[in-house]
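Each chain, letter by letter, is given below.
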Amino acid sequence: MNEVEEVKARLDIVDVIGQYVALQKSGRSFKAPCPFHNERTPSFIVTPERQSWHCFGACGTGGDLITFVMKKEAIEFSEALRMLAERAGIKLHGRRESSQEQRRRERLFTANEAAADWYGKLLVDDKAAAPAREYLKQRGIDTATAREFDLGFSPGAWDALRNHLRRIGFEDQELLRAGLAVQSDSGFHDRFRGRLMFPIRDVKGRTAGFGARTLDERDAGGAKYINTAQSPVFDKSGLLYALHRAAGGIRREGRAVVVEGYMDVIAAHQHAFDNVVASMGTALTERQVRLLRRIASEIVLALDADAAGRDAAIRGHDVVRGALIDSRLTAPVVTWRGLAGYQQTVDVELKVAVLPDGRDPDDVIRAAPEDWRSLIDGAVPVLDFRLDALAAAHDLSTPAGRSRLAHEFLPILAVVTDPVVRAQYLQRLGRLTATGERELSAMLSTATARPGASKLTAPQPEPAAAKGDNREEFLLALLLQYPALREDALGTPEELLWNSENRALLGAWKGIGAEADGEWQIEGVKNAVPVELWPHLERLTLRKMPDFDIKQARQAFADCVQRLVRRGLEAEKEATGALLAEREAEVGASVLAEAASGEEIEGDKELLEVLSLQAQDMRTGLKLHRREVHDGSEAVQTGNHG
């Protein structure tokens, strides 16, 4: 997944456009009056399934979330991408940050650091922080440890932090971007109030955000822990609590221990187990594993004994869509299958240590530190743990139980490429299921993990964000690989393409002049687009295409354009049909019947809107019918290519 695709995968188009337009649910889509022209009847449709928007009114255009921001903010592709990447908390590594962007990011770190300093002083001196100090005392956290981890206290007032930071030169917008403040109908106010504060630092030790624990156990309606909202410097899926502090211990031990909670980490470090970090209660992500494998040859996951605790750390889905505070993001999560794959493909050993029933790391460490060390030293490889856990979950005295064990473990084993390791686990599985190794080996490639699941073949990569329409990419690949099509394609409207990357490439392609010899060089397009689009451009230039002569290439191009035009008409027909059905139901069949019989309708605004939609729906249907008739002529059969 390249950076552009990652930005689009991390953000939801309904959330982004909803910041500019008041969207209303309409079936599986959302509708609104178009923000780009005046209209009475909503013709602006946002479709979450396709992550696209379209205006079926005067604009007659659409696209994805990047094209919307470009059009609404009147900015170029690179600036829109930068804005959205900042919202998603993604650093665009493909280009150098401008000095202005660097200053803005540093201001956020500085604001967080100033907040951490202030919270820390309040924890020590403020009378209102007495409950926080008492809580730490009950948990066995001494003053030195609290100071070492920069623990703090946020007062209960709505704007205490805001007023403090404004006095030392920070603006409200900076506090919003840093995730320290929120904005509601009543104005700006502090995000954290009346809580014990845990500064969260990145690998460089910079304060990226905060975790915050409530001190009022009676507050059943509030979350016990909350975190900083997603920001340009805080991405929960790419941070590990106390990693900057634990890095030395991890290198010394050659082992990183991952727990879930802040207090677990603090207790471990207070008892000299300084190689412990926390995933902060979220599922372990690939990015976090990558951070650890740079400094550790072994990673141990300390999991609760109960199934709920295990599922909190390892999710059984390839991708988890979760609400990370304020943003709806997609974060790749390390599955059991993924852990097994890492164990075989990278120079790190992944193990699991199961805690005693009903106890968390904090409990074990405080009661008997030597038990904690024995627990971690006795951690088992992830494949062993998973096989044992699945075996314990099924009744192996029955054929059905043995069958379920095989079908649940084999997809995990499928990622293992080492034949010796694979054979070892097939032997173990064979003994548990009373099944021959040959039969189990055959099941790796032919059996299904569960009814309706895909076959167990070689390991599959994590699913990436949905690619754009294949017809768009086929059209661009034609233009890039058949320079003689230039005259045919110069009049192609960029709005025909809905994918922002494709639209930007087409615009750049049209803007580059042809060479004297008639051959057009791809290097010209590369120089005209942001570096974030270079991987997409390279993929299109290397795409395998049919061996067309120039006549066939021209026909294939014309056919592809027709298909894209028809795509727009089909989408328009679908959207206007859904809107029409809604409005007809609101107006009522009797009123429509009166209108059809010639009754006076002047001044009936709702009825006029319905009739307008009916006319638009009919016009679109006629266009689509003519297009389908036209398309049935001499189109080149491009199959999967277009």
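Parameters at a glance
Residues numbered from 1 in each chain as written. Predicted model: local features only at pLDDT ≥ 70, side-chain atom pairs only at ≥ 80, totals over all residues. Heavy atoms only, no water. Helix = DSSP H or I, 4+ residues; strand = E, 2+ residues; numbered from the N terminus. Buried < 20%, exposed > 50% of the residue type's maximum accessible area, 1.4 Å probe, protein only. Axes fitted to C-alpha atoms, helices over the stretch in contact; angles between N-to-C directions. Parallel < 35°, antiparallel > 145°, perpendicular 65-115°, else oblique. Contact = heavy atoms within 4.5 Å. Nonpolar A, V, L, I, M, F, W, Y, C, P; charged D, E, K, R; others polar. Pairing = 2+ DSSP bridges. Salt bridge = Lys/Arg side-chain N within 4 Å of Asp/Glu carboxyl O. Phe/Tyr/Trp six-rings, centres within 6.5 Å; stacked < 30°, edge-to-face > 60°. Lys NZ or Arg CZ within 6 Å of the ring centre and 35° of its normal. Core = buried A, V, L, I, M, F, W, Y, C linked by side-chain atoms within 4.5 Å. Expected span 1.5 Å × (residues − 1). Polar contact = N/O pair within 3.5 Å; in protein donor to acceptor, adjacent residues only side chain to side chain.

Draft legend 1. Representation of the overall build of the chain within the structure. The helix and strand inventory of the chain stands at 28 helices and 18 strands. Counting only residues that meet the buried cut, the chain has 50% of its 642 residues in that class.

Draft legend 2. Quick look at the packing of helix α21 (residues 470-481) against helix α25 (residues 534-541). Orientation of α21 relative to α25, taken along the N-to-C sense of each, is 75°, at an axis distance of 8 Å. Here α21 lies roughly perpendicular to α25, going by the angle between them. Touching Glu-473, Leu-476, Ala-477, Leu-480 and Gln-481 of α21 are His-536, Leu-537, Arg-539, Leu-540 and Thr-541, all from α25. Classifying every residue of the contact of α21 with α25 by side-chain character gives five nonpolar, three polar and two charged.

Draft legend 3. The sheet that holds strand β17 (residues 349-354), seen in detail. Reading across the sheet, the five strands line up as β13-β12-β14-β17-β18 and stay open at both edges, with mixed pairing between neighbours. If you trace the sheet from one side to the other, it starts and ends with β13 (276-278) and β18 (380-381), each paired once. As judged from the three bridges shared by strand β12 (residues 255-259) and β13, these two strands associate in the parallel manner. Within β13, the residue paired with Val-258 across the bridge is Val-277. Contacting β12, β13, β14 (298-303) and β17, helix α16 (residues 369-377) crosses the sheet at an angle of about 110° to β12.

Draft legend 4. Highlighting the pairing of strand β4 (residues 52-55). Neither face of β4 is left uncovered, since the one carrying Ser-52 and His-54 and the one carrying Trp-53 and Cys-55 both have all their residues buried. Relative to β4, strand β3 (residues 44-47) runs antiparallel, the two sharing four bridges. Bridging across to β4, Ile-45 finds its partner in His-54. Counting the residues that bridge the hairpin from β3 to β4 gives four residues, and of these Gln-51 lies at a positive phi of roughly 50°. Pairing analysis gives two bridges linking β4 to strand β5 (residues 62-63), with the strands arranged antiparallel.

Draft legend 5. Region of interest: the pattern of salt bridges. Counted under the stated rule, the structure contains 32 salt bridges. The residue Asp-274 makes a salt bridge to Arg-252 at a minimum N-O spacing of 2.6 Å. Within this pair, whereas Asp-274 is found in the loop between α11 (262-270) and β13, its partner Arg-252 is found in helix α10 (residues 243-253), the two being separated by 22 residues in sequence. With its nearest N and O atoms 2.8 Å apart, the salt bridge here joins Asp-388 to Arg-428. Of this pair, Asp-388 sits in helix α17 (residues 382-393) while Arg-428 sits in helix α19 (residues 419-433); the two residues are 40 residues apart in sequence, bridging distant segments of the chain. Taken together, the shared-partner salt bridges connect Glu-79, Arg-82, Glu-86, Arg-104 and Arg-177 into one network.

Draft legend 6. How the structure looks around the sheet that holds strand β2 (residues 29-32). Strand order in the open sheet formed by five strands is β1-β2-β3-β4-β5, and the pairing between neighbours is antiparallel. Unpaired on one side and paired on the other, β1 (24-26) and β5 mark the two borders of the sheet. Bridge count between β1 and β2: three bridges; the pairing is antiparallel. The residue bridging Lys-25 from the neighbouring strand is Phe-30, located in β2. Packed onto the sheet, helix α3 (residues 65-73) meets β3, β4 and β5 and runs at close to 50° relative to β4.

Draft legend 7. Region of interest: the packing of aromatic side chains. Scanning the model with the defined rule gives 16 aromatic pairs in all. Aromatic ring contacts, followed pair by pair, group Tyr-20, Phe-36, Phe-44, Trp-53 and Phe-68 into a single cluster. In this arrangement the basic side chain of Lys-25 is found over the ring face of Phe-30, its NZ or CZ atom lying 5.3 Å from the centre. Cation over ring: Lys-71 sits above Phe-36, and NZ or CZ is 5.0 Å from the ring centre.

Draft legend 8. Region of the structure containing the environment of Thr-576. Mapped onto the secondary structure, Thr-576 falls in helix α26 (residues 550-587). Taking relative accessible area as the criterion, Thr-576 reaches 2% and is therefore assigned buried. Note: C-alpha distance between Thr-576 and Gln-616 (40 residues apart in sequence) is 7.6 Å.

Draft legend 9. Expanded view of the packing of α17 against α19. The N-to-C vectors of α17 and α19 enclose an angle of 10°; their axes lie 12 Å apart at closest approach. Taken together, the axes of α17 and α19 lie roughly parallel to each other. Packed against α17, whose contacting residues are Leu-383, Asp-384, Leu-387, Asp-388 and Ala-391, the element α19 presents Tyr-425, Arg-428, Leu-429 and Leu-432 at the interface.

Draft legend 10. Local environment of the nonpolar core. Of all hydrophobic cores here, the largest spans 61 residues; its most connected members are Leu-136, Leu-151, Leu-180, Tyr-241 and Trp-372. At ten residues, helix α5 (residues 99-125) tops the list of elements feeding residues into this core. If sequence neighbours within four positions are ignored, Leu-180 has contacts with Ala-111, Asn-112, Ala-115, Leu-161, Leu-165, Leu-175, Asp-190, Arg-191 and Phe-210. Within the second largest apolar cluster, 59 residues are counted, among which are Ala-32, Trp-53, Leu-506 and Met-545.

Draft legend 11. Expanded view of helix α23 (residues 500-511). Taking 1.5 Å of rise per residue, twelve residues should cover 16 Å, and α23 covers 16 Å from first to last C-alpha, within 8% of that figure. Taking burial as the measure, the twelve residues of α23 include nine buried ones, the bulk of the element. Buried within α23 are the following residues: Ser-500, Glu-501, Asn-502, Arg-503, Ala-504, Leu-505, Leu-506, Ala-508 and Trp-509. For α23, the N-terminal cap is Asn-499; the gap from its side-chain oxygen to the backbone nitrogen of Glu-501 is 2.9 Å.

Draft legend 12. Representation of the side chain of Gln-288. For Gln-288, the location among the structural elements is in helix α12 (residues 286-293). In this structure Gln-288 comes out as buried when scored by relative accessible area, which is 0%. Within the structure, Gln-288 has its side chain in polar contact with the backbone oxygen of Leu-239 (distance 2.9 Å).

Draft legend 13. Focus on unusual backbone geometry. The phi dihedral of Asp-150 falls on the positive side, at around 55°, and the residue is not glycine. A positive phi angle is found at Ala-272, which is not glycine, with a value near 75°. Structurally, the position occupied by Ala-272 is in the loop between α11 and β13. A relative accessible area of 57% means that Ala-272 is categorised as exposed.

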